Amino acid sequence: QVQLQESGPGLVKPSQTLSLTCTVSGGSITTDGYYWYRIRQPPGKGLEWIGYIGYSGSTLYTPSLKSRTAISRDTSKNAFNLQLSSVTPEDTAVYYCTRGGRDRTYSYLFDSWGQGTQVTVSS
């Protein structure tokens, strides 16, 4: 089974860069058809899509965060990384990594999730 393990600092100062790593085991991040997502949930709010990196290395970001977001991968470590620059307290959230893809009925599923990392932006 595919497992995702998140790591990174839980406290970031305003104006600095938030950096998180999601390490994947039990499957390759280059497997055809899968996309590796970053999603966050601010306190009291719903899930917000940040972006993804696909199995081929393609990336896509939500427009509201695109200018500050970079998702990259390290295939030698079977991991993908999130960098969110110029953070403010509004970026405080639980940050998740997850795998997305279509099942046998062609429904899109997020079938494997990391445990989530609480990141607080505060001075």
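Refer to the structure above for everything that follows.
Values in this document were obtained by computation on a predicted structure and should not be read as measured data.

1. Description of the state of the cysteines
Considering all chains together, one arrives at one disulfide under this definition. Note that Cys-22 is cross-linked by a disulfide to Cys-97, the S-S spacing being 2.1 Å. Note on the Cys-22 and Cys-97 pair: the S-S dihedral is about 70 degrees, so by sign convention the disulfide is right-handed. With a gap of 75 residues between them, Cys-22 in strand 3 (residues 18-25) and Cys-97 in strand 9 (residues 93-102) connect regions that are remote in the sequence.

2. A short note on the nonpolar core
In terms of nonpolar packing, the biggest core is built from 23 residues, with Leu-4, Leu-18, Val-24, Trp-36, Phe-80, Leu-82 and Tyr-95 touching the most fellow members. Listing elements by their share of this core, those giving two or more residues are strand 3, strand 5 (48-54), strand 8 (79-84), strand 9 and strand 11 (117-121). Looking at this core, the element that brings in the most residues is strand 3, giving four residues. With sequence-adjacent residues up to four places away left out, Leu-4 is seen in contact with Cys-22, Thr-23, Val-24, Trp-36, Phe-80, Cys-97, Thr-98, Arg-99, Ser-112, Trp-113, Gly-114 and Gln-115.

3. Here's the deal with the packing of aromatic side chains
Scanning the model with the defined rule gives ten aromatic pairs in all. Judged by centre distance (5.0 Å) and plane angle (75 degrees), the rings of Tyr-35 and Tyr-52 are edge-to-face. With Tyr-35 in strand 4 (residues 35-41) and Tyr-52 in strand 5, the pair connects residues that are 17 residues apart, well separated along the chain. Seen from their ring centres, Trp-49 and Tyr-52 are 6.4 Å apart, and the 35 degrees between their planes marks the pair as tilted. Owing to a relative accessible area of 30%, Trp-49 belongs among the partly exposed residues under this scheme. Cluster of aromatic residues (ring-pair linked, three or more members): Tyr-35, Tyr-37, Trp-49, Tyr-52, Tyr-55, Tyr-96, Tyr-108, Phe-110 and Trp-113. When the ring centre of Tyr-34 is taken as origin, the NZ or CZ atom of Arg-99, which lies over that ring, is 4.0 Å away.

What counts, and at which threshold
Residues numbered from 1 in each chain as written. Predicted model: local features only at pLDDT ≥ 70, side-chain atom pairs only at ≥ 80, totals over all residues. Heavy atoms only, no water. Disulfide = S-S within 2.5 Å. Helix = DSSP H or I, 4+ residues; strand = E, 2+ residues; numbered from the N terminus. Core = buried A, V, L, I, M, F, W, Y, C linked by side-chain atoms within 4.5 Å. Buried < 20%, exposed > 50% of the residue type's maximum accessible area, 1.4 Å probe, protein only. Contact = heavy atoms within 4.5 Å. Phe/Tyr/Trp six-rings, centres within 6.5 Å; stacked < 30°, edge-to-face > 60°. Lys NZ or Arg CZ within 6 Å of the ring centre and 35° of its normal.

Note that every value here comes from positions in space, so none of it alone points to a role or purpose.
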